[in-house]
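Structural overview for review
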Amino acid sequence: MRSGHSQGTVLRADVVVVGAGISGLTAARRLTQAGRSVLVLEASDRVGGRTVNLDVADGVVTEGGGEWVGPGEDRILALIDELGLSTFKTYAEGETIYLRNGVRQTAAGAVPPFSEAALADFVQVLTMLEEMAATVPPEAPWTAPNAIAWDATTFGQWLEANVQTDETKWLLTLGFTIVEGEDPHSASLLWILRVIATSGGIEHMLGTAGGAQDSRVVGGTQLISLEMARQLGRRVILGSPVTEIRQSDHGVLVTSEHTRVQCKRVIVAMTPADADRIRFVPDLPVRRATVQRKWHNGTESKLFAIYDRPFWRDQGLSGQALTDLPGAPFVIDNSPPDGSLGILLTFIGTAGSGAGLTWSDAVLDDPAVRPAAFLDALTTLFGPKAARPVLYLEKDWVHEPWINGCVSARVPGLLTQYTNAVSEPVGLIHWAGTETATVFEGYMDGAVRAGERAANEVGAVL
C-alpha cells in the first residue's frame with residue numbers, strides 16, 4: 001500500500017477501483033487474478049470501509065463496524081476461507097433477557113417470552129411478510145405486482161396498520177431497526193420485502209445461532225480487507241480521495257487528491273451517497289444522479305463495555321438482551337473467542353418513532369452522557385458487576401469523514417422511480433458496494449457479491 005504520487009504524474013492501469021472496503025478490494029482481487037492491471041484509490045488512511053477493528057487489549061480486538069456472518073452467506077464465507085482466515089461462533093449459550101415496561105424476563109432459545117396473543121400475532125405477521133416477500137423478484141423488485149403501493153409505504157406504517165399487539169410491534173420495530181440501521185418509518189416496505197426475500201428470511205436476519213449473527217471472524221472482520229490489501233500490495237493507494245472521474249474517447253481519467261490515473265474502466269465501490277462527492281464528466285444520467293442525491297445511510301454507532309471476564313455467563317445468561325431501556329435497546333456478547341475478556345455491545349443513534357427506539361437528546365448528542373446511560377442500562381440488566389467495566393469504547397459512524405453513515409436503507413420511491421440505477425453501468429463506470437447486491441444487500445456477503453459482479457462486468461469487456 002502506498003500514499004500516492006505527484007499530481008504531475010499520470011499512472012496507467014486497466015481498471016481503477018474507487019474505495020478499499022470489502023467490495024472494492026474483492027473486485028480488485030478478482031481482476032488481478034484474471035491478469036488485469038488494477039489500482040485501488042482509497043480516501044481514508046486505512047482499508048476496510050465499514051469494517052474496522054478496535055484494539056481492546058494486547059491481541060484482543062472488537063469490531064467497530066460490520067462483524068457477523070451466517071449460513072447461506074456463501075461468498076463472504078468462501079473469501080474468508082480463501083484468505084486463510086477463520087470464524088468462531090457468536091456466544092449464544094444460556095438465556096436471553098427481555099425487559100419491557102419495567103418487567104424483566106429471561107428465556108432460552110429464539111422465541112421471546114410472549115403472551116399467547118402476542119405470540120400468535122408474531123407468527124401471523126411473519127407469515128404475511130414472508131408471503132409478500134415471495135412475490136418480489138430479487139433482480140427487479142420494481143416489477144412486483146404491488147410494487148408501487150409497497151414502495152410508497154414505509155415499513156413502519158405497515159407495522160402500525162397490521163400488527164395487533166404492542167409486544168410484537170415493539171419487538172419487530174426493535175429488531176429491524178438494529179438489523180437495517182434505520183427506523184422502519186424511514187424505510188420502503190418494498191425494499192424491506194426484497195431484503196427479506198434475498199437474505200434468508202426474517203428468522204435468519206434476526207437470528208444468532210444459525211442466523212445472520214451466527215459467527216464472527218477470528219481477529220476481527222477488518223482482517224478480510226487488510227489481508228486482501230496486503231496481497232494487492234502497492235496496487236492500493238491510501239489517503240487519496242477521488243475528486244473527478246472523466247470519461248472520453250480515450251478511456252477514463254481518474255483524479256484524486258494525490259494521483260491521476262488513466263484507465264479503461266472504473267469501478268466505484270462506495271455507497272451512492274458517498275459517490276455523490278465525486279465530480280463526473282460528463283454528468284451522470286438523471287436517474288443515477290438523483291439516486292445519489294436521495295440516498296440515505298443509516299446512523300447507527302456501536303458502544304462497548306469491556307470487563308475482565310464475561311461474568312454474565314456464570315449466571316446462565318447469553319449476554320443478549322432486548323429492552324426498551326434508552327441506553328441499551330439491544331445487547332449482545334461480543335467477547336473474544338477464548339473469553340479472556342468480557343465485552344457487551346449495544347447500538348445507538350437511530351432515532352425511532354411510533355413503537356420504535358427512542359433516546360434522549362442528551363444521549364444522542366453528548367458523548368459525556370452516553371457511557372453512563374449505557375452502563376446504567378447494563379446494570380439494570382446484568383447486575384452491579386456491569387457498572388464497573390475496565391474499558392469503555394464507542395465507534396461513531398455518524399461523523400466518519402469519508403463514509404456517510406453505516407448500512408443503508410432505501411427511502412420510499414427509490415426502487416420504483418429509479419429501478420436499477422444503483423447498479424447499471426454508466427459508460428465506462430461500473431458500481432460495486434453492498435448496496436448494489438441483489439442477494440444479501442447490506443451484508444458483507446452482499447459486498448463480496450457486488451465486487452465479484454462488477455469485476456465480471458469489467459472482465460467481459462476488456
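Before reading on, note that the structure itself is shown above.
We now turn to the structure provided with this report. As the structure is a computational prediction, the values presented were derived from the model and not from experiment.

Calculation rules
Residues numbered from 1 in each chain as written. Predicted model: local features only at pLDDT ≥ 70, side-chain atom pairs only at ≥ 80, totals over all residues. Heavy atoms only, no water. Pairing = 2+ DSSP bridges. Helix = DSSP H or I, 4+ residues; strand = E, 2+ residues; numbered from the N terminus. Buried < 20%, exposed > 50% of the residue type's maximum accessible area, 1.4 Å probe, protein only. Salt bridge = Lys/Arg side-chain N within 4 Å of Asp/Glu carboxyl O. Contact = heavy atoms within 4.5 Å.

1. Description of the sheet that holds strand 5 (residues 68-69)
Strands belonging to one sheet form pairs held by backbone hydrogen bonds; the direction of such a pair is parallel or antiparallel. Read from one edge to the other, the open sheet built from three strands follows the order 5-9-6, with strand pairing classed as antiparallel. A single partner strand is all that each edge strand has here, and the edge strands are strand 5 and strand 6 (87-89). Sheet topology places strand 5 next to strand 9 (residues 215-217); two bridges connect them, and they run antiparallel. Each bridged residue has a counterpart across the sheet, and for tryptophan 68 the counterpart in strand 9 is arginine 216.

2. Focus: the pairing of strand 1 (residues 10-18)
For a regular strand, side-chain orientation follows a simple rule: the groups alternate between the two sheet faces. Across the nine residues that make up strand 1, a large majority, seven, are buried. One ladder, built from eight bridges, connects strand 1 with strand 13 (residues 260-268); its direction is parallel. Directly across from alanine 13, in strand 13, lies its bridge partner cysteine 263. As defined by bridge partners, strand 1 adjoins strand 2 (residues 38-41) across four bridges and the pair is classed as parallel.

3. Side note on the pattern of salt bridges
All told, the structure shown has 26 salt bridges when counted by the stated rule. Here arginine 46 makes a salt bridge to glutamate 400, at a shortest N to O gap of 3.5 Å. A residue pair is termed long-range when its members are at least 10 positions apart, and arginine 46 in the loop between strand 2 and strand 3 (53-57) and glutamate 400 in the loop between strand 20 (391-395) and strand 21 (408-409) qualify at 354 residues. We note that arginine 46, like glutamate 400, is buried. In this structure, lysine 89 engages aspartate 214 in a salt bridge whose closest nitrogen and oxygen atoms are separated by 2.8 Å. In this pair, lysine 89 sits in strand 6 while aspartate 214 sits in the loop between helix 8 (202-206) and strand 9, placing the two residues 125 residues apart along the sequence. Classification of aspartate 214 as buried rests on a relative accessible area of 7%.

4. Quick notes on unusual backbone geometry
Of note, the bond from valine 281 into proline 282 is cis; its omega dihedral lies within 30 degrees of zero at -5°. For proline 282, the position within the fold is in the loop between strand 14 (279-281) and helix 11 (286-294). Backbone geometry places phenylalanine 440, a non-glycine residue, at a positive phi of 55°. Structurally, phenylalanine 440 is set in the loop between strand 22 (429-431) and helix 15 (444-461). Among the residues examined, phenylalanine 440 registers a relative accessible area of 5% and is labelled buried.

5. Some points on the side chain of threonine 154
The topology assignment puts threonine 154 in the loop between helix 4 (147-151) and helix 5 (155-162). Classification of threonine 154 by relative accessible area gives buried; the value is 9%. Excluding residues within four positions of it along the chain, threonine 154 makes contact with Pro184, His185, Ala187, Leu189 and Pro412.

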